[in-house]
Every structure is written in structure tokens, then in C-alpha cells.
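This is what each chain is made of:
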Amino acid sequence: MANNSANKNDSALLQALAVDNSIPIEQAAVDLWLKDLNNPLRWLVRPLFQGLFAILLHLVWLFKRLPLPQFSAHGLLQKLICWFCRHFVSVEANLLILRHYATESNILNFIIANSDKAGVEPVPLYPKTIDDMRHASFVEHDQCLFKAFAQLGHWQPLSQPKTELDWHHWQAVNMDNFQVEKRWSQFLDFESAHALFMCLFCLLLKRDEYRDAINGFNLDQSMAIRIGQMIGEPNLTEMAYNKHPLYLVGPWNLSQRFLMHGFFTEYMYARLEQLRDSSC
């Protein structure tokens, strides 16, 4: 049995969360998240960051939607985020970011492999280091999602689960494959780091790119519906916090929607990995 990160000094809630496996999620992800929750700056700095930068984000959002020439700087965005992650974001938060690439890529590749649509390109984004993320782009991460849905076309509901599942695009997440160099300056928790990133994303993406990125979370429900029909578990839709993809929203409540998208991909990945293990 995997060790968990809770100890007798943790609160009663954290000790309970460390062993609760009612919802599918890998213990490695739980351990990383509990360590992130124990970061004291999360409780001191994060509320201030989220309040101040939420106001700034809405001002940038308004500026980008003015009838002015649009501009973007994807390369600069990638370099700044990776530099910041390398020097200021905690090891646990960086590992959670790297895991997210892998979990979402696996979910999309599972849908692609088990759909009847031929010729859909699998998602190649499986970075193992912070430097890899300069190439496995934060921007490309969203675009791969949209491209896959566009190529898959209209979904034909399944009358019964698939008898044989295709796993040939699947890459099991192994924490030993991720490499994050530990530095003394890495002190920011996951949510505080996101509060700093979100204004930069809004500024350095074109307005439609940013609008699409923050609404792509709502495709979680669509992914859960498709996978639920494939494996015969329609209740998987309960895992999706972000729903109703036709309802486009602005940047309000972005931090929570972003975080819940991350949990969704962890839940879905863990359930599919359980299924894959049982079928081997």
C-alpha cells in the first residue's frame, strides 16, 4: 500500500483526506496536493494574490476586448512561465502541473483510440521536465483539446459499452520519470502561482485565444459523457465540475474552475488506469 503524506501533526481533515479513496485518484497525486495544502503561504499569500490579481485580470480582460489591434507573444509567455516555475514554484506544484499534461493527454488519447473516427491525431504532450513545457506548450495544451474534438466530429451515442478497449496511445504516469530540480527559492503553492499566471495569459494571448482557453474546461463534461458510454459508467459525469460547454463565461471564478479541471483529469485518469490494470 502506498504511503500517504498525512502525519499526526496534520489536522483531522487532512488525515482523513490522506486515506479517503472513495473517488478514484492516485495516491501520488493526493500526497502532492496535501503537501501543497500544508504550505503556509497558501493560507497567507494566496487570498491576497487571488483578490488583487482577480481585479487586475478583469482590467486586462477589458483592455484586450477593446477594438484595438490584437497581439500575442506565445514564445515569451512560455519562457516567462517556465522561468517562474523553475525558480519560485514549489516542487509539489510543478509536479502537479507535469502530471496534468499527462493525465489530460491520456484522457484525450483514450477517447481518440476508442472512437470510430479514423485519422484523428493523438495528443503528444507528455513533458517530463519544466524545460519540456517550453515545447509542450501551455497554449498547445488547449489547442490539442479543441483540435481533437473538431477532428472527432459529431459524437454518436453508444447503445452499449465497448467490448474491447484500445490502450495503444496510453502512457501510464510514473512519478519517477518527472524531474524537477529543487531550489531554495521555490516557495509558492499551486493556487498562488496560478493567481500570478492568469493575468500574464490574458495579456499575452489574443482575446479569442484566451476566451477559448478559459472555456475549454467546460468540455470536461463532454469527455466524461463519451468515456462513460465507452466503459459503461455513465455516472462518470459526476466527476465534471465544469459543465455546459455552450455557455461561455469570462474570467470570474477562474481559479476554482481551473483547479477543478485539474481534479477532473486526475479522477478520470485514475479510473481508466484502474480499468487498464484490471484488463491486463
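Here the structure is a predicted model, which means the values were calculated and not measured. (Residues numbered from 1 in each chain as written. Predicted model: local features only at pLDDT ≥ 70, side-chain atom pairs only at ≥ 80, totals over all residues. Heavy atoms only, no water.)

Q: Would you mind showing me how to read the environment of glutamate 26 here?
A: Along the polypeptide, glutamate 26 turns up in the loop between α1 (12–19) and α2 (27–37). We classify glutamate 26 as partly exposed; its relative accessible area is 21%. C-alpha separation for the pair glutamate 26 and arginine 42, spaced 16 residues apart in sequence, amounts to 23 Å. (Helix = DSSP H or I, 4+ residues; strand = E, 2+ residues; numbered from the N terminus. Buried < 20%, exposed > 50% of the residue type's maximum accessible area, 1.4 Å probe, protein only.)

Q: Mind showing me how you'd approach the nonpolar core here?
A: Formed by 82 residues in total, the largest nonpolar core has its most connected members in Tyr210 and Ile227. Among the elements that take part in this core, helix α6 (residues 91–113) stands out by supplying 13 residues, more than any other. Excluding residues that lie within four positions of it along the chain, tyrosine 210 makes contacts with Leu57, Trp61, Met198, Phe201, Cys202, Leu205, Pro251 and Leu254. (Core = buried A, V, L, I, M, F, W, Y, C linked by side-chain atoms within 4.5 Å. Contact = heavy atoms within 4.5 Å.)

Q: How do you make sense of the packing of aromatic side chains when you look at a structure like this?
A: Aromatic rings considered in pairs are described by the distance between their centres and by the relative angle of their planes. With the rule as written, the count across this model stands at 17 aromatic pairs. Plain terms: the ring middles of phenylalanine 49 and phenylalanine 53 are 5.8 Å apart, the flat faces sit at 90 degrees to each other, and that makes the pair edge-to-face. Highlighted residues: phenylalanine 49 and phenylalanine 53, both in helix α4 (residues 46–64), separated by four residues, approximately one helical turn. Seen in terms of ring centroids, phenylalanine 263 and tyrosine 267 are 6.1 Å apart; in terms of plane orientation they differ by 15 degrees. Their pairing is stacked. You can see phenylalanine 263 and its partner tyrosine 267 sitting in helix α11 (residues 254–279), four residues apart, about one turn around the helix. Owing to a relative accessible area of 17%, phenylalanine 263 belongs among the buried residues under this scheme. Across from the ring centre of tryptophan 43, 4.3 Å away, lies the NZ or CZ of arginine 42, which sits over that ring. Positioned above the aromatic ring of phenylalanine 71 is the side chain of lysine 64, whose terminal nitrogen or guanidinium carbon lies 3.7 Å from the ring centre. (Phe/Tyr/Trp six-rings, centres within 6.5 Å; stacked < 30°, edge-to-face > 60°. Lys NZ or Arg CZ within 6 Å of the ring centre and 35° of its normal.)

Q: Would you explain the environment of alanine 224 in this entry?
A: Within the secondary structure layout, alanine 224 lies in helix α10 (residues 220–231). For the pair alanine 224 and phenylalanine 264, spaced 40 residues apart in sequence, the C-alpha to C-alpha distance is 9.2 Å. Those residues in contact with alanine 224 that sit more than four places away from it in its chain are Leu236, Thr237, Phe264 and Met268.

Q: Help me understand the side chain of asparagine 218 in this model?
A: Considering the arrangement of structural elements, one finds asparagine 218 in the loop between α9 (207–215) and α10. Ignoring any residue separated from it by four or fewer positions in sequence, one finds asparagine 218 in contact with Asn242, Lys243, His244, Pro245 and Tyr247.

Q: How do you make sense of the layout of surface pockets when you look at a structure like this?
A: Here the largest pocket defines a volume of roughly 390 Å³. Residue lining of the largest pocket: 15 residues in total, with Leu17, Trp33, Leu34, Leu37 and Phe263 positioned closest to the centre. For the lining of the largest pocket, the element with the most residues is α2, which contributes four residues. Residues of the lining of the largest pocket, tallied by class, amount to 12 nonpolar, one polar and two charged. (1 Å grid on protein atoms, 1.4 Å probe; cavity = no way out; pocket = protein on both sides within 12 Å on 5 of 7 lines; lining within 4 Å. Points joined across faces, edges and corners; volume = space filled by probe spheres on them. Nonpolar A, V, L, I, M, F, W, Y, C, P; charged D, E, K, R; others polar.)

Q: Please clarify how α10 should be interpreted in this entry.
A: Along an α-helix, residues three or four apart share an orientation, since each turn contains 3.6 residues. Helix length check: α10, at 12 residues, gives a terminal C-alpha distance of 16 Å against a target of 16 Å (1.5 Å per residue), a fit within 8%. For α10, the buried fraction is high: 10 of the 12 residues fall into the buried class. What α10 keeps buried is the set Asp220, Gln221, Ser222, Met223, Ala224, Arg226, Ile227, Gly228, Met230 and Ile231. Looking at the buried side of α10, the elements it contacts are α6, α7 (138–152) and α11. Within two residues after α10, glycine 232 carries a phi angle of roughly 75 degrees, on the positive side. (Expected span 1.5 Å × (residues − 1).)

Q: Any chance you could explain empty space enclosed by the protein here in plain terms?
A: Tallying each qualifying case throughout the model produces one cavity of 30 Å³ or more. Empty space within the largest cavity amounts to approximately 700 Å³. Of all elements in the fold, only α2, α6, α7, α8 (190–204), α9 and α11 reach the threshold of two or more residues within the lining of the largest cavity. Of all the elements, α11 adds the most residues to the lining of the largest cavity, at eight residues.

The analysis is restricted to geometry; functional conclusions fall outside its scope.
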